[in-house]
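Read off the chains here:
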Number of protein chains: 2
Amino acid sequence: MSSLNQQLQHAQQRINSSLSAELEAPVSPYSEGAGDNLGRVYQAIQYSVMNGGKRMRPLLVFASADAVLAGRKQTSKSLDLSACAIEFIHCYSLVHDDLPAMDDDDLRRGQPTVHKAFDDATAILSGDALQAMAFEALSRADDIPPAQQIALVKELALAAGPVGMVGGQALDIAATDQRVNLEQLEQMHSLKTGALIRAAVAMGAICAGASEQQRIALDHYARAVGLAFQVHDDILDVESDTTTLGKTAGADIALNKSTYPALLGLSQAKDMAQQLLQQALTALKDFDEHADTLRQLAHYAVTRNH
Amino acid sequence: MSSLNQQLQHAQQRINSSLSAELEAPVSPYSEGAGDNLGRVYQAIQYSVMNGGKRMRPLLVFASADAVLAGRKQTSKSLDLSACAIEFIHCYSLVHDDLPAMDDDDLRRGQPTVHKAFDDATAILSGDALQAMAFEALSRADDIPPAQQIALVKELALAAGPVGMVGGQALDIAATDQRVNLEQLEQMHSLKTGALIRAAVAMGAICAGASEQQRIALDHYARAVGLAFQVHDDILDVESDTTTLGKTAGADIALNKSTYPALLGLSQAKDMAQQLLQQALTALKDFDEHADTLRQLAHYAVTRNH
């Protein structure tokens, strides 16, 4: 087992245990015993969150904090809550993305999507609930100063909002069956998936008390890695087979989606992925070996086969 | 013009000017010039927010702060941003509630609902964006200490989430065509509309630096007023005519919805509204004349004819 796989497994166990705890018992001044009747929405929330996800964004939160802490210890409360918050946002976006009015997907990770397993209304409401839960979780991250907590809220809210993830989804829908240029493709990805990846790295850095200089370096890393993941995804869609990929190979072409290989050619797309890897590694040059998980993640972004 | 009407108009002008400013130009580290392409979602956001709404929740934010400040001055930044944030949450909930998969409404305030004026995907995304924008707005409320800002985030996130507004919507959907008892009806309303009304009052109090004792008293007020509004709504549905009401009278009965008059009888429902008014006024007994707008709002809740 490679070191990165161990890191991934460790982060998955850590985040899954935090997520389970978060999803356990709803406590609120407004609940007044309503818990039992809210069962269906809670079931949908659990179903959408505890779905065997890779937990890449939580891993980035932890790895970014490790890079900044450089061996120093700190309590893990704000890191774990940040990881939960960003995963809640990611999960809600998948639930809403799969809706019939959006991408209309019946399956996710081989299981019925939330609106298929429950119904459309429950899928909409459970997604809405998850977004609120993300910010509620950050409001409990009180092992760091309140000003840093507010910085977490700002980071996540900007990344999730209309000039972040939601804006990227809107661009993605608008681009379907449209010919987009390289700049437009990059803009769509930088919003739809890039914003939340940058937020994950920034939130880890905020929890660890990063300097401004460290935060800027880590943001350069996050931008490069986020895009590298996407470029390599597009390459895999062309080169890999459906069994290895775990989803339909060639789907992008079939759906007439713009991709990096389609716009650049396969060879230049591969060059671009390598350049992004180098950019990511260069951004980390002032960090010691405690940034190795981030470095391994950058390599993984452009070498994985699924 | 009554004094309350003047207060309402003043609050409406104040909040509409803040909302316009908030909705103007998207600024984000993630935008990178994407603003133009996000046009459709932004149009839908503007359409749903600048819709001539009564702005009852912003008014509660301002009136609650007035009661606590008792004539003292403070900057209005956190109050205005809190008022915007809670109105964003309210507006997003209406957009999602109107969707075909939910209440399937074509009209709101006499205008086509967002999914009718745009499309279902844009309605889902603009609602999602508004929720993120609410928390982003709170992250800029930096004229109060960060710890109080975090208290605002917590208050709004709890009120908007699964044991708040979203939970209430789930209960409302589950209760359609079902016979519910008085306790279940109150629980549904206390979550669906009550939670956000309590949050509005709490957020005004937090911005104004209320004592724990003041916050408890104001929360008693908010619970009573929130429920009084709902009981009187149900009475109006029975007693008023469609022209006065601005929506179809008797709609609750036609839709087979459980209401207070249906469960209690009309006379006892009216008694209940009066008792709630008294509870609201009693809760304010330790506040001076600066709480008069709150008092007038309580009277208004049970005397308005639409």
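Parameters and conventions
Each residue is numbered by its place in its chain's sequence as written, counting from 1. Ligands are numbered from 1 and chains lettered from A, in the order in which they are written. Totals for whole chains, interfaces and linings use all residues, but because this is a predicted model, local features are given only for residues with pLDDT of at least 70 and pairs of side-chain atoms are given and counted only at 80 or more. In computing side-chain properties, one takes all heavy atoms of the structure into account and sets aside hydrogens as well as water. Every residue pair with non-hydrogen atoms within 4.5 Å of one another is taken to be in contact. Buried area: the sum, over both parts, of the accessible surface (1.4 Å probe) that disappears when the two are put together. For salt bridges, the criterion is a side-chain nitrogen of Lys or Arg within 4 Å of an Asp or Glu carboxyl oxygen. We define a polar contact as two N or O atoms separated by no more than 3.5 Å, with the added condition that, inside protein, one atom must be a possible hydrogen donor and the other a possible acceptor, whereas residues neighbouring each other in sequence contribute only through side-chain atom pairs. Only runs of H or I of at least four residues qualify as helices and only runs of E of at least two qualify as strands under DSSP, and these elements are numbered from the N terminus. Only residues with pLDDT of at least 70 in both copies contribute their C-alpha atoms to the least-squares superposition of the copies. Three labels apply to residues, based on accessible area from a 1.4 Å probe with only protein chains included: buried if under 20% of the type maximum, exposed if over 50%, partly exposed otherwise in between. Think of each axis as a best-fit line through the C-alpha atoms, taken over the contacting stretch in the case of a helix, with angles from 0 to 180 degrees between the N-to-C directions. Angular relationships are summarised with four words: roughly parallel below 35 degrees, roughly antiparallel beyond 145, roughly perpendicular across 65 to 115, and oblique for the angles in between. It is the rotation of the near helix from the far one that decides the hand of a crossing: anticlockwise by less than a right angle makes it left-handed, clockwise makes it right-handed. Any two of the Phe, Tyr and Trp rings considered here, Trp counted by its six-membered ring, make a pair once their centres fall within 6.5 Å; the pair's planes then place it as stacked at under 30 degrees, edge-to-face at over 60, or tilted in between. Charge over a ring is defined by NZ of Lys or CZ of Arg lying within 6 Å of the ring centre and within 35 degrees of the ring normal. Every residue is assigned a pLDDT by the predictor, reflecting its confidence on a scale from 0 to 100. Here a helix's expected span is defined as the number of its residues, less one, multiplied by 1.5 Å. Note that bend, as reported per residue, equals the angle between axes fitted to the 7 residues terminating at that residue and the 7 residues originating from it.

### Concerning the interface of chain B and chain A
Part 1: Every contact between the two is made by 59 residues of chain B and, on the other side, 59 residues of chain A.
Part 2: Taken together, both faces of the contact between chain B and chain A bury some 5100 Å²; the carbon and sulfur share is 70%.
Part 3: Across the chain B-chain A interface, the total number found is zero salt bridges.
Part 4: Taken together, chain B and chain A are joined by six residue pairs in polar contact (both at pLDDT 80 or more).
Part 5: Those elements that place two or more of their residues in the side of chain B that touches chain A are helix 2 (39–49), helix 4 (77–97), helix 6 (120–138), helix 7 (146–160), helix 8 (165–175) and helix 9 (182–207) of chain B.

### A short note on the relation of the copies chain B and chain A
Part 1: Overlaying chain B on chain A yields an RMSD of 0.0 Å, the required transformation being a rotation through 180 degrees with an accompanying axial translation of 0.0 Å. Within this description, the copies of the chain are treated as partners about a two-fold rotation axis. No C-alpha of chain B lies nearer the rotation axis than that of Pro 146 of chain B, which sits 2.6 Å from it.
Part 2: Interface overlap between copies: 100% of the residues of chain B at the interface are likewise at the interface in chain A, consistent with a symmetric, same-surface contact.

### Description of the side chain of Arg 304 of chain B
Residue and element names in this part refer to chain B.
Part 1: Looking at the secondary structure, you find Arg 304 in the segment after helix 15 (292–303).
Part 2: On the accessibility criterion, Arg 304 (9% relative accessible area) is buried.
Part 3: Within the structure, the side chain of Arg 304 is placed 3.3 Å from the side chain of Asp 233, a separation counted as a polar contact.
Part 4: Residue contacts for Arg 304: discarding those within four places in its chain leaves Phe 229, His 232, Asp 233 and Leu 236.

### Topic: unusual backbone geometry
Residues and elements named next belong to chain A.
Part 1: Of note in the backbone geometry, Ala 70 takes a positive phi value of approximately 50 degrees without being a glycine.
Part 2: The residue Ala 70 is located in the loop between helix 3 (56–69) and helix 4 (77–97) in this model.
Part 3: Ala 70 sits in the partly exposed class, given a relative accessible area of 35%.
Part 4: For Arg 109, which is not a glycine, the phi torsion comes out positive at approximately 50 degrees.
Part 5: Assignment of secondary structure puts Arg 109 in the loop between strand 1 (107–108) and strand 2 (111–112).
Part 6: For Arg 109, a relative accessible area of 48% gives the class partly exposed.

### Focus: the packing of helix 10 (residues 212–239) of chain A against helix 15 (residues 292–303) of chain A
All names here are of chain A.
Part 1: At their nearest, the axes of helix 10 and helix 15 sit 8 Å apart, and the two run at 20 degrees to each other. What the angle tells us is that helix 10 and helix 15 run roughly parallel. Where helix 10 crosses over helix 15, the two elements pack in a sense that is left-handed. Contacts between helix 10 and helix 15 involve Leu 218, Tyr 221, Val 225, Ala 228, Phe 229 and His 232 from the first element and Leu 294, Leu 297, Ala 298, Tyr 300, Ala 301, Val 302 and Thr 303 from the second.

### Examining the packing of aromatic side chains
Residues and elements named next belong to chain A.
Part 1: One pass over the structure, following the stated rule, counts five aromatic pairs over all chains.
Part 2: Where Tyr 47 meets Phe 118, the ring centres are 5.6 Å apart and the plane angle is 80 degrees; that geometry is what we call edge-to-face. Placement of the pair is Tyr 47 in helix 2 (residues 39–49) and Phe 118 in the loop between helix 5 (114–117) and helix 6 (120–138), with a sequence separation of 71 residues.
Part 3: Over the face of the ring belonging to Phe 62 we find Arg 14, whose NZ or CZ atom lies 3.9 Å from the ring centre.

### Quick word on the confidence of the model for chain A
Part 1: Of all residues in chain A, 90% have pLDDT values of 70 or greater, and the mean over the chain is 90.
Part 2: When pLDDT is averaged over each element of chain A, helix 7 (residues 146–160) of chain A comes out on top at 98 and helix 11 (residues 242–245) of chain A at the bottom at 62.

### Side note on the environment of Leu 266 of chain B
Residues and elements named next belong to chain B.
Part 1: For Leu 266, the position within the fold is in helix 14 (residues 266–283).
Part 2: Separated by 27 residues in the primary sequence, Leu 266 and Glu 239 place their C-alpha atoms 9.2 Å from one another.
Part 3: When neighbours within four sequence positions are excluded, Leu 266 is seen to be in contact with Ile 235, Glu 239 and Pro 261.

### As for helix 9 of chain B
All names here are of chain B.
Part 1: Helix length check: helix 9, at 26 residues, gives a terminal C-alpha distance of 35 Å against a target of 38 Å (1.5 Å per residue), a fit within 8%.
Part 2: Residue Gly 194 marks the point of greatest curvature in helix 9, where the axis turns by about 55 degrees.
Part 3: Taken across its 26 residues, helix 9 has 21 buried, putting it largely inside the fold.

### Some remarks on the environment of Ile 197 of chain B
Residue and element names in this part refer to chain B.
Part 1: In this fold, Ile 197 is placed in helix 9.
Part 2: Separated by 107 residues in the primary sequence, Ile 197 and His 90 place their C-alpha atoms 10.0 Å from one another.
Part 3: Not counting residues within four places of it along the chain, the set of residues in contact with Ile 197 comprises Leu 60, Ala 222 and Gly 226.

### Notes on the pattern of salt bridges
Close approach of charged atoms allows side chains with opposite charge to pair.
All names here are of chain B.
Part 1: In total, this model carries 30 salt bridges over all chains according to the counting rule given.
Part 2: Between Asp 219 and Arg 198 there is a salt bridge, and its shortest N-O distance comes to 3.0 Å. Here the residue Asp 219 occupies a position in helix 10 (residues 212–239), and Arg 198 occupies one in helix 9, the gap between them amounting to 21 residues.
Part 3: Here Asp 219 falls in the partly exposed class, since its relative accessible area comes to 22%.
Part 4: Taking relative accessible area as the criterion, Arg 198 reaches 6% and is therefore assigned buried.

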